[in-house]
Amino acid sequence: KAGVTQTPRYLIKTRGQQVTLSCSPISGHRSVSWYQQTPGQGLQFLFEYFSETQRNKGNFPGRFSGRQFSNSRSEMNVSTLELGDSALYLCASSFHRYYEQYFGPGTRLTVT
Amino acid sequence: AQSVSQHNHHVILSEAASLELGCNYSYGGTVNLFWYVQYPGQHLQLLLKYFSGDPLVKGIKGFEAEFIKSKFSFNLRKPSVQWSDTAEYFCAVRKLSFGAGTTVTVRA
């Protein structure tokens, strides 16, 4: 089976712009979660989607949003980018909500 | 609110030394506990998990962890580390809370 794929892998944006990141889960996995990883902060949970519905949301401002499509693919959007949004954004999928997760390689976002 | 605390930020060991990484969590409900590892240049991957049953769980590459409910702990251990165990290790409660990570450097 192919692993979790994320596109693009690298992205450079300017403050105030918006960005959309994409995640394709492992085939058959219906749960997709997103995380922000920064040095010293570890992984901060953004949100979780299961069957096209957001099931949990982390403590991030409304500028961060996401969605899941019927094929379980997911996107996350960050509007009005700030310098502090520079991070590695990880997507993870699991067969069921409470099972172990499989992580993608991440999208490295740099905001200048 | 749930949280996960990893005691050590950076651990440096020599090959063949024993490793123990501490993890404490605060969460009132049913816990699904995980240790993930991120080797240099690779994706995060599952090391081991605990859902229920025997509190001593074994994972890949000789790692094990012990769930102690009374101490809200899920410490990771390996009796004898190798250079290839150099990585960052993350403890997690369900998918909502991850620890800040512990960087382990094993010197040959």
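Not measured: the values here are computed from a predicted model.

**Examining the pairing of strand E7 (residues 64–68) of chain A**
Residue and element names in this part refer to chain A.
For step 1, the next point in the chain: Pairing analysis gives five bridges linking E7 to strand E8 (residues 74–78), with the strands arranged antiparallel. The residue bridging Gln68 from the neighbouring strand is Ser74, located in E8.
For step 2, the next point in the chain: Taken together, E7 and the strand that follows it, E8, pair antiparallel across an intervening segment of five residues, in which Ser72 is found at a positive phi of about 75 degrees.

**As for the pairing of strand E2 (residues 10–14) of chain B**
Residues and elements named next belong to chain B.
For step 1, the next point in the chain: With burial as the criterion, only one face of E2 is covered, namely that bearing Val11 and Leu13; the residues His10, Ile12 and Ser14 on the opposite face remain uncovered.
For step 2, the next point in the chain: Here E2 pairs with strand E12 (residues 102–107) via five bridges, running parallel. Opposite Ser14, over in E12, you have Arg107 as the bridge partner.

**Details of unusual backbone geometry**
Peptide bonds are trans in most cases, and residues, glycine excluded, mostly fall at negative phi.
For step 1, the next point in the chain: Look at the link from Thr7(A) to Pro8(A): it is a cis peptide, with omega at -10 degrees.
For step 2, the next point in the chain: Along the chain, Pro8(A) turns up in the loop between strand E1 (5–7) and strand E2 (10–13).
For step 3, the next point in the chain: Here Ser51(A), not a glycine, exhibits a phi torsion of approximately 50 degrees, which is positive.
For step 4, the next point in the chain: Mapped onto the elements of the fold, Ser51(A) is located in the loop between strand E5 (42–50) and strand E6 (53–57).
For step 5, the next point in the chain: In the Ramachandran plot, Lys61(B) falls in the positive-phi region, its phi being about 60 degrees despite a non-glycine side chain.

**Remarks on the interface of chain B and chain A**
For step 1, the next point in the chain: Listed per partner, the contact involves 16 residues of chain B and 22 residues of chain A.
For step 2, the next point in the chain: Of the roughly 1,600 Å² buried where chain B meets chain A, counting both sides, 56% is carbon and sulfur surface.
For step 3, the next point in the chain: The largest share of the area that chain B buries against chain A comes from Leu44(B), Lys95(B) and Leu96(B), three residues that together contribute 38% of it.
For step 4, the next point in the chain: Linking chain B with chain A are two salt bridges, by the criterion used here.
For step 5, the next point in the chain: A salt bridge links Glu48(A) to Lys95(B), with the nearest nitrogen and oxygen atoms 3.4 Å apart.
For step 6, the next point in the chain: For the pair chain B and chain A, the number of links is ten residue pairs in polar contact (both at pLDDT 80 or more).

**Description of the pattern of salt bridges**
Residues and elements named next belong to chain A.
For step 1, the next point in the chain: Under the counting rule described, the total for this entry stands at eleven salt bridges over all chains.
For step 2, the next point in the chain: The closest approach of N and O atoms between Asp85 and Arg63, which form a salt bridge, is 2.8 Å. Pair noted here: Asp85 is in the loop between E8 and strand E9 (87–94) and Arg63 is in the loop between E6 and E7, with a separation of 22 residues, a long-range link. This pair shows no difference in class: Asp85 is buried, exactly as Arg63 is.

How each quantity is defined
Residues numbered from 1 in each chain as written. Chains lettered and ligands numbered in written order. Predicted model: local features only at pLDDT ≥ 70, side-chain atom pairs only at ≥ 80, totals over all residues. Heavy atoms only, no water. Pairing = 2+ DSSP bridges. Helix = DSSP H or I, 4+ residues; strand = E, 2+ residues; numbered from the N terminus. Buried < 20%, exposed > 50% of the residue type's maximum accessible area, 1.4 Å probe, protein only. Contact = heavy atoms within 4.5 Å. Buried area = accessible area lost by both parts, 1.4 Å probe. Salt bridge = Lys/Arg side-chain N within 4 Å of Asp/Glu carboxyl O. Polar contact = N/O pair within 3.5 Å; in protein donor to acceptor, adjacent residues only side chain to side chain.

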